[in-house]
Amino acid sequence: MGGALRRFEDIRCLVTGAADGIGHATAAMLLAEGGRVLVCDRNPAGLEALQGAAKLELDVTAEDAAERLMQAAQSELGGLDVLVNNAGIAAGAPVETLTDELWRQVLDVNLDAVFRISRAAIPLLKLSERGRIVNIGSVMSTMSSPAMGVYAVSKHAVAALTKTLALELGEYGITANYVRPGAIVTGLSRDAFDADENFRNFWVNKSALRRLGQPEDIANAIVFLASEEAAFITGHGLLVDGGALQTP
Ligand SMILES: NC(=O)c1ccc[n+]([C@@H]2O[C@H](COP(=O)([O-])OP(=O)(O)OC[C@H]3O[C@@H](n4cnc5c(N)ncnc54)[C@H](O)[C@@H]3O)[C@@H](O)[C@H]2O)c1
């Protein structure tokens with residue numbers, strides 16, 4: 001969990017969707033490394049364990065979500081250095097039966113909210129000495145799978161948005177990168193892995209390391225991309241999938 005490093009002393013960080021899974025592990029690591037952290041989630045119970053964080057119950061798809069988050073960053077942290085757009089959902093259906101409603105629902109959380117929150121954060125990040133945006137893509141930022149089309153669309157789009165942010169913000173010393181998790185055991189995926197042994201085994205065997213990932217595996221990569229050490233990395237999509245996409 002970041003060990004004795006204190007790379008984030010006085011660094012102001014915002015993590016969305018921090019009540020569970022990858023976002024929770026990321027916020028905990030940033031706190032452990034001395035960061036000043038603002039967290040939000042639409043389901044706030046899981047935020048309680050993040051001692052020392054400023055907490056906001058908030059649905060990232062709400063009309064005023066981005067504005068509220070930036071106001072909280074100002075009032076609770078006095079600005080913003082690191083934005084981690086983590087909140088996301090996994091849902092889908094075959095295109096033939098995919099409803100407009102489900103299509104909209106997935107894109108609202110996984111893409112539109114990332115766009116709106118990133119846009120609102122830019123003026124604050126420009127004032128930072130070392131602005132960082134870390135978005136969460138997926139192995140599905142470059143591939144798809146049956147019945148997961150809208151999720152794959154959202155994660156391909158997160159990749160394109162992040163590359164654009166990198167190009168537009170580089171001159172301000174702001175980096176923008178995205179992490180691409182493989183199969184990670186979190187609230188989003190646990191039921192699917194538990195319910196279907198074939199699904200679980202598929203991903204375990206696809207991984208060169210023969211295991212599923214844990215939230216900390218991804219949080220370590222997010223925290224690295226948010227750190228000073230990653231200052232010359234931007235527009236990059238970092239695969240953290242145990243080698244799953246290398247399997248023939
Ligand atoms: N778990 C995996 O295998 C995996 C793989 C690739 C990418 N990802 C991505 O990682 C990110 C985190 O997912 P996770 O696996 O930790 O899932 P998770 O369900 O454990 O955590 C996601 C958190 O986001 C919150 N959230 C969801 N919609 C929200 C909304 N509208 N407003 C506010 N909060 C909201 C949830 O309440 C939850 O606490 C997502 O972007 C997901 O797409 C996960």
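Residues numbered from 1 in each chain as written. Predicted model: local features only at pLDDT ≥ 70, side-chain atom pairs only at ≥ 80, totals over all residues.

A. Region of interest: the nonpolar core. Counting 71 residues, the largest nonpolar core has Ala27, Val39 and Ile222 as its most contacted members. Top contributing element to this core by residue count: helix 3 (residues 100-126), with 9 residues. In this structure Ala27 touches Val15, Ala18, Val37, Val39, Leu50 and Ala53, once residues within four positions along its chain are discounted. (Core = buried A, V, L, I, M, F, W, Y, C linked by C-beta atoms within 7 Å. Buried ≥ 20, exposed ≤ 12 C-beta atoms within 10 Å, placed from the backbone. Helix = DSSP H or I, 4+ residues; strand = E, 2+ residues; numbered from the N terminus. Contact = placed C-beta atoms within 7 Å.)

B. View of the site of the ligand. Looking at the ligand, there are 28 residues lining it, with Gly17, Gly21, Gly88, Gly187 and Leu188 nearest. No other element matches the 3 residues that helix 1 (residues 21-32) contributes to the shell around the ligand. The residue inventory of the shell around the ligand, partitioned by class, reads 12 nonpolar, 12 polar and 4 charged. (Near = placed C-beta within 6 Å. Nonpolar A, V, L, I, M, F, W, Y, C, P; charged D, E, K, R; others polar.)

C. Examining the packing of helix 3 against helix 4 (residues 149-169) more closely. Relative to each other, helix 3 and helix 4 sit at 10°, their axes nearing to 9 Å. One finds that helix 3 runs roughly parallel with respect to helix 4. With respect to the hand of their crossing, helix 3 and helix 4 are arranged in right-handed fashion. Packed against helix 3, whose contacting residues are Leu102, Trp103, Val106, Leu107, Asn110, Leu111, Val114, Phe115, Ser118 and Ile122, the element helix 4 presents Val150, Tyr151, Ser154, Lys155, Ala157, Val158, Leu161, Leu165 and Leu169 at the interface. Here the contact of helix 3 with helix 4 is composed, by residue class, of 15 nonpolar, 3 polar and 1 charged. (Axes fitted to C-alpha atoms, helices over the stretch in contact; angles between N-to-C directions. Parallel < 35°, antiparallel > 145°, perpendicular 65-115°, else oblique. Left-handed = near helix turned anticlockwise from the far one by under 90°.)

Fair warning: the whole summary comes from geometry, so function is off the table for now.
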